[in-house]
Each structure stands twice: as C-alpha cells, then as structure tokens.
Amino acid sequence: MTTRAGTSVPTPESNRVPTPETVHRPAPWVRTRLRASPLAAVLMAALAFVTVFLAAAFPRVADRGADAALRDFVSQKGLNPTSLQTTSKTRDYDNAAELDRVQRQVTEKVGQQLTLSRPGLAHGTRALGDRGMGNPGYARISDANAPMLSLLYLHDLASRATLTDGTWPTPGTVGGPLPIVISKQAAQTIHIKLGDVIDNGVEGSGAQRNTVVVGLYRINDPQDPFWEDLGCPARACLNAAPQHEHWMTSGFVDGDSLAAMARWGSNAENFWRLPVDPASLRADRLDRTRNAISSFLTGPGATGLIGATGRADLHSVSGLADILTRADERYQAALPLSTIGPAGVAGVATVVLCLAAALTTDRRAGEIRLLRARGGSRTGVLLRLIGEGAATVLPAAALAAALAVVLLPTPRWGQSVLAALAAALLALLAFPARAALLWSRRKAVGGRRRLVGELAVLVVTAAAVAEVRRRGVGTGGGLDPLLVAAPLLLAVTGGLLLARIEPVAVGWLARLAGRGRGLIGFLGLARAARDSSGRRKPSVLPLLALLIAVTTTGFGATVLDTVDHVRTRAARIATGGDIGVSLPDYATLPESFATAAAALPGVRASTGAWVEPKARFVGADQDYTDAYLVVVDPAAYAEIARTVGVGEFDPAKLAAPGGRDTPVPALFSRDLAKRLAAGPAEVRTPNGNGLRTTVAGIISATPALPDPGKPFVVVAAGPAWERLPDVKRINKWFAVGDVDPEQVRSTLRDNGGGQPSGIAKLIAEDAAAAGKATHGLPAGYTVHSSREAAAALADDPLQHAAGRLFWYAAAAGAGFALLAVLLTLFRAAPERTAVLARLRTMGLRPRQGLALILTEALPQTLAAALGGGLTALAAVTLLGGAFDISTLVGARVGDVITPTLVPVLLPTAGLALLVALAVAAETLIAGRRRIATELRAGEQA
C-alpha cells in the first residue's frame with residue numbers, strides 16, 4: 001500500500017486509545033518549586049521558625065515571671081497574713097473531736113475554691129485572758145509585775161514538739177488545777193519546776209484559778225512559721241513596755257479541757273487557720289482569688305461555712321485580699337517595661353518579614369509575570385504561592401510553637417497561641433501579598449500622597465505622646481496599649497523623617513567626595529543615595545528595622561539605668577549615707593569606735609551623732625511640740641548631706657557665736673517654720689535642760705532622719721555639748737565613701753563599748769533568743785550599708801523578670817535588625833555585583849571593590865543608629881514622666897525618667913558595630929565570591 005509523501009502509515013500503536021497510566025501529568029507545583037530553590041525554602045522555614053518561636057515564647061516568659069513574682073511576694077508576707085483565719089466562741093460541749101469535725105468541713109468548703117497549704121493548717125482554742133503566775137520564787141523583772149501565762153489547746157501538738165519531762169496533759173478534774181505543759185526553756189527562765197501548781201489568781205466568783213505543770217517540752221523548730229500568732233510557746237518572752245516589764249509564756253492543755261480553759265481565761269475562742277498555698281497562685285487569676293476570699297469573709301462563702309459547721313458565730317478574716325491587690329498593683333507598674341521590649345521585637349520582625357518577601361518577589365518577578373502572561377489567573381497564582389509557602393512556613397511554625405510550649409511550661413496558652421498564629425500568618429502571606437503588587441494596576445503616586453501619609457503618622461504620634469503625658473500610664477488598670485504604641489510610633493516617625501533626610505545628606509556627601517581625587521568614596525556614596533533602580537528614593541524598611549530596634553532598646557536601657565541610680569540614691573537616703581551605725585536607746589558609742597571607723601579604707605567623711613527622740617521644741621508662745629534633737633559635727637555632716645542629697649546646708653551657718661547665753665544656730669524642719677516666725681525658740685531634753693536656738697536654715701529632711709515622723713532640730717555638737725551635758729554622747733554614726741560594711745562591723749565588735757546591763761541586757765538576750773542578733777553584734781546594734789540596702793531592694797523577682805524579659809527582647813530585636821541589613825544587602829547584591837564586575841574590567845582592584853561595598857552599605861546603618869539614638873532620647877524626654885518606677889526601684893520614690901546619654905549610646909553603638917561587622921563579613925566572604933563568578937561568566941560557552 002502506497003501513501004502520499006509526508007504521510008505516515010497507521011500502526012496498531014498509533015491507533016491505541018490513551019489510558020490514564022499513559023497520559024502525561026505535570027509535576028506538582030509545590031514539589032517543583034521547592035526542588036528548584038531548596039536553599040530559599042530552608043531559609044524561609046528558618047525565619048518563620050525563629051519568628052513564631054519568639055512570638056510564642058515572649059508571652060510565656062512574661063507569664064512565668066509574673067507568677068514567680070506573685071508567689072514570692074505572697075510568701076514573704078508570712079503564714080498568718082496569707083491565711084484564712086476562722087474563729088468561733090468556745091461552747092461548753094466543745095472538745096478536740098468537735099474542733100476536728102469543724103476543721104474537716106471548713107477545709108473541704110474552702111479547698112473547693114482555694115488551694116491550701118497542708119503543712120500550715122492549724123486549729124485549736126486559746127484563752128482570751130492571760131493570767132499572772134504569783135508563785136514565790138518565780139523570776140520577776142520588777143517586784144510589781146509577775147510573769148504572765150497564756151493557755152491554748154493546739155491540735156497535734158505532739159508532732160511539732162518533743163516531750164522532755166513528765167507527760168502530755170490530761171483532762172482536768174472538777175475543782176482541781178488545770179493540767180498544762182510548758183516549754184522547758186521557759187521553765188528555766190521563770191524558774192518553774194515540773195509538778196508546780198501555779199497560782200493564777202482567783203475567778204470572779206472567788207474560786208482559785210490554778211494550773212499544774214505536768215510536762216515540759218521542746219519545740220522542734222522554733223523558727224517554723226507555723227508558730228506565728230500562737231503566743232510564746234518556745235521560750236519565755238520579754239514584755240519590755242516601760243513600767244510594765246514582765247516575762248510571759250504559753251502553756252497547752254488537753255483537748256477535753258476546753259470548757260475549763262474558758263473558765264480559767266474568763267472566755268475562750270476556737271480558731272481554724274487555713275493558709276493559702278502561694279505555689280497555687282496565678283497572676284491571671286488574681287481577681288478570681290480575691291473574689292473567693294471576699295466571699296468567705298462576708299459573702300456566700302461565709303454563709304456556706306456557717307451552714308456546714310452549724311456555728312452561727314463563725315467569723316473569718318484574712319489579709320490575703322489586700323496582699324493580692326498590692327501584688328497586682330506592682331505587676332501593673334512593671335508591665336510597661338515588660339511589654340515595650342517584645343512590642344519592639346514584633347515591629348522589627350514585621351519589617352524583616354516584609355523585606356524577605358520583597359527579596360523573594362524580586363528574585364521571582366519574571367516567573368510570576370510569565371505565569372500571568374500564559375493565562376494564569378490572579379487567584380490561581382496566589383493560591384499556588386500560598387500553597388508553596390504553607391509547605392515551608394506552617395510545619396516550621398507548628399514546630400516552633402510546640403517547642404515554646406514544651407520549653408516554657410505555664411498554665412496559660414491563649415496569648416502565646418494567638419501571637420504564634422499572627423506571626424505564622426504574616427510569614428505565610430507576606431510574599432503572596434507582595435507578589436500581588438506586581439500585576440496590580442499602577443497608579444501615579446506623587447509626592448503629595450506620600451507626604452499626606454507621613455503627616456498622618458506624625459499627627460497620630462503627636463496625639464499618642466500628648467495623651468500619655470496628660471494621663472500617665474495605665475490609669476484604667478491593665479496594660480496601657482497607648483504607652484506601648486507611643487515609642488513605636490516615635491520610631492516610625494523617626495524612620496520616615498530619616499528616610500527623607502538620609503538620601504539628601506548622603507548625596508551631599510557624595511558631591512563633596514566627588515570634588516576629591518578618589519573614586520571609591522564618591523561612587524559608594526552616590527550609590528548609597530539611590531535605590532537599586534537608580535532613582536533617588538529612600539529605603540524605608542531597613543531604616544525602620546534599625547530605628548525600632550535602637551529606639552526600644554535605648555528607651556528600655558534608660559529606664560533600667562534610671563532605676564539603678566534611683567535605687568542607689570534611695571538606699572543612701574535610707575541609710576543616711578553609704579554606711580551607718582545605729583544603737584539602742586540604752587547604748588553609747590565610745591570615742592574609740594568613731595576614731596577607728598573614720599580611719600577605715602574608703603571613708604571620705606564621717607561623723608558621730610546623738611539623736612534624741614524625746615526632745616521638745618518650745619516656741620515663743622510657750623506651746624511645745626515633740627521633736628527629734630540631732631547633735632552633729634557640722635563640717636562632716638554637711639559633706640554627708642551634700643553627698644546623699646538630703647538636707648544640704650552650709651556648715652558655716654551652724655557656727656555658734658560667743659557667749660553662753662547667746663542662742664545657738666540650728667536647722668529646723670519645715671513643719672516648724674511657722675512657729676519660728678513668732679520669735680526665739682528653745683529645745684528641751686527629757687532631763688529638763690534647755691537650749692535656746694536661732695534659725696540657721698529650714699530643711700525638709702536630714703540624713704539622720706531621712707523620713708522623719710515628727711519635727712526635728714539639728715544643732716552643732718560643740719555648743720550643744722557645752723550647754724546640754726546630757727547629750728554629750730553618740731548613738732549613731734554616718735559615713736560616705738566606698739566602705740566595706742564587714743570592716744565596720746568588725747570595728748564595732750572591737751570598739752562597741754560595754755555590754756548592756758539590767759533591763760537592757762534582758763532585751764538583748766530576748767532578741768538573741770528570737771534569732772534577731774546578727775554578725776556577732778549585740779541586739780539592737782545595727783550596721784546599715786547602702787550597698788546592702790540597694791541589693792536588698794533589687795532582690796525582687798518582679799524586677800528581675802521585667803529586666804530579663806527586656807534584655808531578651810533587646811537581643812532578639814538586634815538580631816532581627818541585623819537580619820534586615822543583610823537582607824537589604826542580598827536584595828541589592830545582583831545589581832551591585834554586576835557593577836563591580838564591570839568596574840573590575842576597567843581596572844578596579846579587589847580591595848577597592850570591597851571598600852566600595854562598605855562605603856555603599858554603611859551610611860544607612862550609621863544614619864539609622866544615630867537617628868535611633870536621637871529618637872530614643874526623644875522618647876525618654878517625651879514619655880519618661882509618665883512612668884512610675886517605684887515598683888522597679890523597690891521603694892516609693894518620686895523620681896522620673898530623664899534622658900541619659902550612656903544607656904542610649906551603648907546599645908546604639910553596639911548595634912551599629914554589630915551591623916558594620918556583619919556588612920564587612922558579608923563583603924569579604926560572599927561579595928568576593930559573587931564578583932569572581934560574574935567575571936567568569938561565559939567561560940564554559
């Protein structure tokens with residue numbers, strides 16, 4: 001069979017109908033694209049992973065810090081203030097079993113809403129009246145004051161105390177003495193013996209009120225907070241009230257002797273202490289916890305307790321609600337610093353994701369236009385791009401969020417998940433949204449529209465700053481979003497302004513460089529003044545990234561630096577200098593100590609002082625006012641006041657004129673100013689001696705009394721000692737300088753004067769028995785150090801959490817800012833490499849090419865660093881007065897945040913140096929390789 005030329009003969013294979021197995025199918029889009037650019041996919045996944053991890057981690061770090069600070073704050077208040085204290089009058093039929101029943105019911109009811117600390121649970125009965133122990137031979141501080149005894153029943157006393165002699169008490173017999181046990185240490189102090197029948201006076205009916213000691217015990221742990229508010233069970237305590245000094249201790253009865261104990265004390269009260277476990281408290285549930293506590297005090301919870309126990313007089317009190325309120329106020333005060341840092345990171349991360357999307361769009365612009373030219377719909381292309389991004393972004397985001405949850409466990413997850421979701425969506429949609437601009441209908445956008453937008457940002461920023469300055473921070477409670485937004489808005493405004501100024505300034509520098517002989521400076525600066533298309537147009541996004549990072553870091557660093565300085569000053573004021581020594585009323589510092597302490601290393605100025613708290617100020621109208629009298633050496637004390645910044649004065653004003661009858665110049669507190677206007681005044685000591693005074697100055701405070709509770713008068717030691725012999729003593733010592741407090745304590749131990757005697761000795765021994773004596777000094781002898789005081793103020797988990805979160809955010813923001821600079825370099829790399837390759841063919845040396853890249857890249861970095869530093873200073877100036885830094889300081893202060901150069905300069909210079917090193921590294925490593933590749937183009941053809 002013949003065929004026409006050019007035709008083919010049909011064969012069985014050609015007539016075969018195609019099957020699904022033989023039909024060619026295009027490869028999946030996502031797989032093809034990921035295989036085509038694996039490195040870009042990996043880098044995008046890494047960027048999404050880091051961004052989502054930080055977004056999920058910062059809320060969890062903040063939550064953990066807030067919970068830890070709350071629990072520490074509540075724990076420091078002690079067991080009793082943080083407990084629910086429930087009481088009821090003792091009835092005739094009450095016994096241990098009845099109290100145990102009420103304890104179980106109360107614990108069950110309260111435990112349904114509050115987590116209780118089982119080790120701190122306590123219940124029992126206390127007699128409401130203390131009785132004297134009139135036995136002859138018992139120790140008395142004065143003949144008129146017999147030692148006192150209080151009685152209690154405490155559930156499960158035997159588990160917390162060890163019986164040393166005798167037996168535990170048994171129920172008393174009718175008409176007989178009430179069996180009790182007391183501590184062996186108290187028995188030794190008061191001279192009580194086992195088997196003693198203690199004479200406790202008579203009842204109102206005339207019947208004898210006696211107790212019999214059947215056992216002696218030893219408390220297992222006298223410092224255990226469990227014993228708070230349970231009398232004096234471990235020893236004999238000293239009541240040192242003037243004219244009423246006496247010993248006192250507690251005894252314990254059997255649980256079936258409650259009615260007898262009530263008669264012994266004229267009345268008795270049952271108590272049930274239910275401590276709330278601080279470890280169960282959460283910062284996000286403070287309102288719920290406060291409401292639960294309030295309910296048990298005066299609400300439905302209290303009614304439920306009465307119904308469950310059948311005791312109509314059941315009454316509950318607790319200080320925990322007030323403690324939680326103060327804890328919440330502290331948290332709200334520290335919240336701005338904890339939030340500004342992460343907010344800055346969010347702003348920088350957003351810029352970086354937009355830059356990454358722009359870089360990817362530039363790289364794939366031809367491909368996307370080709371897809372549209374071949375019939376691809378906008379929706380179809382966008383869906384393909386979203387699907388491609390989902391394959392890399394979503395797994396990385398899910399892994400990052402899961403890792404944050406595992407590494408930073410906390411009961412709260414809502415904010416963390418929302419932040420992670422927002423970061424993941426931004427990373428997923430940034431590239432498709434940027435790509436959509438390629439085929440959008442271009443409109444002529446003139447400078448007027450851009451100017452209007454920038455003016456709108458400026459107006460919003462000005463309004464936000466004005467509102468923050470007007471009303472302060474967080475007046476409505478909770479986080480103040482306006483305060484968080486204000487520094488970011490200032491950074492954005494600074495970035496827009498810098499984007500206007502920077503190209504003009506760099507272009508001007510380029511023209512100046514063009515007049516010189518070198519080519520590198522002019523060419524690098526000229527290229528820095530233009531974008532990759534050659535038009536004079538600022539690159540706003542890199543500037544914004546650097547500005548936000550520098551502004552938020554500088555602002556927060558200024559806050560922390562101010563807090564440190566104010567804390568040091570507050571500690572100095574509280575101490576009265578850098579170091580101070582205080583003595584109890586009965587003691588006097590010998591002259592040898594003042595001489596030896598003044599010679600210690602680091603002491604710049606020191607003085608001893610006598611502070612008399614019981615002086616009287618008598619005005620010209622002969623009306624008197626209780627006041628402090630402070631007797632000091634004027635020269636040294638003036639130097640201390642100047643250094644501390646409290647009550648500064650000219651020492652020459654206290655120079656006493658000649659003549660014993662001439663009034664002595666004195667410094668008066670402001671609340672005495674009106675009394676001084678009436679005429680000469682006099683200061684009288686408790687011994688009746690008087691000192692006529694004249695006004696040398698009026699001050700609001702003085703180092704010896706930085707926060708006086710009543711008026712004071714300061715006079716020079718010379719004339720005061722001459723005319724008031726009873727004040728020729730020293731009970732305080734102050735010094736300024738870098739002084740080691742341990743050296744002062746050692747000097748005080750060696751030159752502390754004689755040991756106390758009489759009632760003073762008993763007070764010292766009682767304080768030592770209570771564990772109050774420290775550093776080997778007698779009780780009441782205290783060395784105050786501003787260094788130690790500042791460390792104690794700073795030892796606050798809330799402060800540490802806020803500072804730690806800020807520095808984490810500062811590091812993350814610096815990393816993102818660095819990445820923004822690198823992305824900008826990568827975006828301009830192809831065009832820059834081509835130019836350098838052409839210049840290389842014209843004789844440009846490799847070293848000159850590298851210098852050209854640095855000259856082109858660094859002006860924007862340096863401009864952003866300088867602009868960010870100025871913006872940070874502006875933010876501190878405008879917003880610093882709105883902050884209350886008392887919580888961060890640890891003490892109530894009235895200082896405001898003011899601009900300081902060093903805390904802004906250090907992070908600014910550090911970030912600029914980091915970026916410069918990164919640019920240099922990228923230039924030396926990647927830039928040289930790309931230039932060499934460009935020069936070898938076509939060698940394989």
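Only a predicted model underlies this, so the values are computations on that prediction, with no experimental measurement involved.

Q: So what's going on with the packing of helix α2 (residues 38-76) against helix α10 (residues 414-436)? Which residues, and what values?
A: As a packed pair, α2 and α10 sit with axes 8 Å apart at the nearest point and diverge in direction by 155°. Between α2 and α10, the crossing angle belongs to the class labelled roughly antiparallel. Taken as a pair, α2 and α10 cross one another with a handedness that is right-handed. Touching Met 44, Ala 48, Thr 51, Val 52, Ala 55, Ala 56, Pro 59 and Arg 60 of α2 are Gln 415, Ser 416, Ala 419, Ala 420, Ala 423, Ala 424 and Ala 427, all from α10.

Q: Go over helix α16 (residues 634-644) with me, naming the residues and quoting the values.
A: Taken across its 11 residues, α16 has 8 buried, putting it largely inside the fold. Elements in contact with the buried residues of α16: α14 (540-575), β14 (603-618), β15 (624-632), β19 (712-716) and β20 (732-737). Where α16 ends, the next residue or the one after it, Gly 645, has phi of about 85°, a positive value.

Q: Requested: an account of the pairing of strand β2 (residues 122-127), with residues and values cited.
A: Among the 6 residues that make up β2, 6 are buried, leaving the element largely enclosed by the rest of the structure. Side chains of β2 alternate between two faces, with Ala 122, Gly 124 and Arg 126 and His 123, Thr 125 and Ala 127 buried alike. Pairing of β2 with strand β11 (residues 268-275), which is carried by 6 bridges, proceeds in the antiparallel orientation. By the bridge assignment for β11, Ala 122 is matched with Arg 273. Bridge analysis of β2 against strand β4 (residues 148-154) gives 3 bridges, and the strand direction is antiparallel. Counted as the bridge partner of Gly 124 is Leu 154 from β4.

Q: Outline the pattern of salt bridges, supporting the account with residue identities and numerical values.
A: One side chain can pair with another of opposite charge once the charged atoms of both are near each other. For the structure on display, the rule yields 22 salt bridges. Where Arg 160 meets Asp 224, a salt bridge forms, and the shortest distance between an N and an O atom there is 3.2 Å. With Arg 160 in the loop between β4 and β5 (161-166) and Asp 224 in the loop between β8 (208-219) and β9 (237-239), this pair connects stretches of sequence that are 64 residues apart. Linking Glu 682 and Arg 684 is a salt bridge whose minimum nitrogen-to-oxygen distance equals 3.3 Å.

Q: I'd love a proper account of unusual backbone geometry, names of residues and values included.
A: For Asp 229, which is not glycine, the phi dihedral falls at a positive 65°. Even without being a glycine, Ser 266 presents a positive backbone phi close to 70°.

Q: Account for the packing of helix α9 (residues 378-407) against α10, naming residues and giving values.
A: Contact geometry of α9 with α10 gives a least axis separation of 9 Å together with a crossing angle of 160°. By the angle between their axes, α9 is roughly antiparallel relative to α10. Regarding α9 and α10, the two cross each other, and that crossing is right-handed. Contacts between α9 and α10 involve Leu 382, Leu 385, Ile 386, Gly 389, Ala 390, Val 393, Leu 394, Ala 397 and Ala 401 on the former and, on the latter, Ala 420, Ala 424, Ala 427, Leu 428, Leu 429, Phe 431, Pro 432, Ala 435 and Ala 436. Each residue belonging to the contact of α9 with α10 can be placed in one class, and the counts come to 17 nonpolar, 1 polar and no charged.

Q: I'd like a description of the packing of aromatic side chains, backed by residues and values.
A: The tally for this structure, following the rule as stated, stands at 7 aromatic pairs. Measuring from centroid to centroid gives 6.4 Å for Phe 49 and Phe 53, while their planes differ by 10°, and the two rings are stacked. With Phe 49 and Phe 53 both in helix α2 and 4 residues apart, this pair spans about one turn of that helix. Taking relative accessible area as the criterion, Phe 49 reaches 24% and is therefore assigned partly exposed. Ring centres of Phe 617 and Phe 668 lie 5.9 Å apart, and the angle between their planes is 75°; this geometry places the pair in the edge-to-face category. Pair noted here: Phe 617 is in strand β14 and Phe 668 is in strand β16 (residues 664-669), with a separation of 51 residues, a long-range link. The class of Phe 668 is buried, set by a relative accessible area of 0%. For the cation-ring pair, Arg 126 lies above Phe 271, with the distance from its terminal atom to the ring centre recorded as 4.3 Å. We note Arg 273 situated over the ring of Phe 226; from NZ or CZ to the ring centre the distance is 5.0 Å.

Q: Would you mind going over the nonpolar core in detail, with residue names and values included?
A: Ranked by size, the top nonpolar core spans 60 residues in total, and within it Val 348, Phe 816 and Leu 911 carry the most contacts. Sorting elements by how many residues they give to this core places helix α22 (residues 797-841) first, with 12 residues. In this structure, Val 348 is in contact with Ala 545, Ile 548, Ala 549, Gly 813, Phe 816 and Ala 817, ignoring residues within four places of it in sequence.

Q: Explain the pairing of strand β18 (residues 690-699) to me, and be specific about the residues and the numbers.
A: Across 6 bridges, β16 lies against β18 in parallel orientation. Bridge assignment links Phe 668 to a residue of β18, and that residue is Ile 698. What sits between the antiparallel neighbours strand β17 (residues 681-684) and β18 is a turn of 5 residues, in which Gly 688 has the positive phi angle 95°.

Q: An account of the state of the cysteines is requested, with residue identities and associated values reported.
A: Should the sulfur atoms of two cysteines be covalently bonded, the bond is a disulfide. Here the structure, examined in full by the defined rule, presents 1 disulfide. A disulfide bridge connects Cys 232 with Cys 237, and the sulfur atoms are separated by 1.8 Å. Taking the torsion about the sulfur-sulfur bond, which here is approximately 85°, the covalent link between Cys 232 and Cys 237 counts as right-handed. Residue classification places Cys 232 among the buried positions, given a relative accessible area of 8%. Residue classification places Cys 237 among the buried positions, given a relative accessible area of 16%.

Reading the values: the criteria
- Residues numbered from 1 in each chain as written.
- Predicted model: local features only at pLDDT ≥ 70, side-chain atom pairs only at ≥ 80, totals over all residues.
- Heavy atoms only, no water.
- Axes fitted to C-alpha atoms, helices over the stretch in contact; angles between N-to-C directions.
- Helix = DSSP H or I, 4+ residues; strand = E, 2+ residues; numbered from the N terminus.
- Parallel < 35°, antiparallel > 145°, perpendicular 65-115°, else oblique.
- Left-handed = near helix turned anticlockwise from the far one by under 90°.
- Contact = heavy atoms within 4.5 Å.
- Buried < 20%, exposed > 50% of the residue type's maximum accessible area, 1.4 Å probe, protein only.
- Pairing = 2+ DSSP bridges.
- Salt bridge = Lys/Arg side-chain N within 4 Å of Asp/Glu carboxyl O.
- Nonpolar A, V, L, I, M, F, W, Y, C, P; charged D, E, K, R; others polar.
- Phe/Tyr/Trp six-rings, centres within 6.5 Å; stacked < 30°, edge-to-face > 60°.
- Lys NZ or Arg CZ within 6 Å of the ring centre and 35° of its normal.
- Core = buried A, V, L, I, M, F, W, Y, C linked by side-chain atoms within 4.5 Å.
- Disulfide = S-S within 2.5 Å.

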